[in-house]
Amino acid sequence: MALRVLLGKAIGENCSSIDDGEKVLNLIRPELIKGFSVELDFEGVKLVLTPFLNTCFGTLLEQFGRELTMTHVSMRNLSDEVLQRINNFINRKKEEFTQSHDQKMLQEMFDEDGLVDSDL
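Quick caveat: nothing in here was measured; it's all calculated off a predicted structure. Along each chain, the written sequence defines residue order, and numbers are assigned to residues from 1. In view of the model being predicted, local features appear only for residues whose pLDDT reaches at least 70, and side-chain atom pairs are presented and counted only at 80 or more, with totals across whole chains, interfaces and linings using the full set of residues. As a rule here, side-chain values come from all non-hydrogen atoms in the structure, and water together with hydrogens is ignored.

(A) Focus on the state of the cysteines. Here, the term disulfide refers to a pair of cysteine sulfur atoms separated by no more than 2.5 Å. Here the structure, examined in full by the defined rule, presents zero disulfides. With no disulfide of its own, Cys15 lies 8.7 Å from the sulfur of Cys56, the closest cysteine sulfur.

Here you go:
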């Protein structure tokens, strides 16, 4: 059985701060480490802001990757607005990770070829 986190009760109607994100992250990360699934229930949540998303979802995406996060973290009772905000955040993070990975690969290619650009 998956752990269910009732965000409206655990955090309140505004999931907005870094502290809110850390609180949720600390609840669900141990379950994901064990390979279990978790469910985030957004009933009663009216507002979700970027500091919360960065701390909770951003950290999950960095630690567990997009595929595991998307398959092991389910969400329910979201408004269309909150769902759109989370989807936009996840897509933006995917783009950032891709760009960062591409930059690292280019830097490694330059380093292997002995090409150095002190401006990078």
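On we go.
(B) Spatial organisation of the sheet that holds strand E1 (residues 3-6). The pairing criterion is simple: DSSP has to find at least two bridges between the two strands. Numbering of helices and strands starts at the N terminus; helices are DSSP runs of H or I of at least 4 residues and strands are runs of E of at least 2. Across the sheet, which stays open at both edges, the three strands sit in the order E1-E3-E5 with parallel pairing between neighbours. Edge positions in the sheet fall to E1 and strand E5 (73-76), since each has one partner strand and no second. Each adjacent strand pair in this sheet contributes to an overall mean axis angle of 20°, direction not counted. As defined by bridge partners, E1 adjoins strand E3 (residues 38-41) across four bridges and the pair is classed as parallel. Each bridged residue has a counterpart across the sheet, and for Val5 the counterpart in E3 is Leu40. Contact criterion: two residues are considered in contact whenever any of their non-hydrogen atoms come within 4.5 Å of each other. Axis lines are fitted through C-alpha atoms, for helices just across the contact stretch, and the angle between N-to-C directions can take any value from 0 to 180 degrees. Here helix H3 (residues 50-72) sits on the sheet in contact with E3 and E5, set at roughly 85° to E5.

(C) Structural detail: the pattern of salt bridges. Counted as salt bridges are all cases of a side-chain nitrogen of Lys or Arg within 4 Å of a carboxyl oxygen of Asp or Glu. Within the structure shown, the criterion is met by three salt bridges. Residue Lys34 pairs with Glu31 through a salt bridge whose shortest N-O separation is 3.8 Å. Between Arg76 and Glu39 there is a salt bridge; the shortest N-O distance is 3.6 Å. Here Arg76 is found in strand E5, whereas its partner Glu39 is found in strand E3, with 37 residues between them in sequence.

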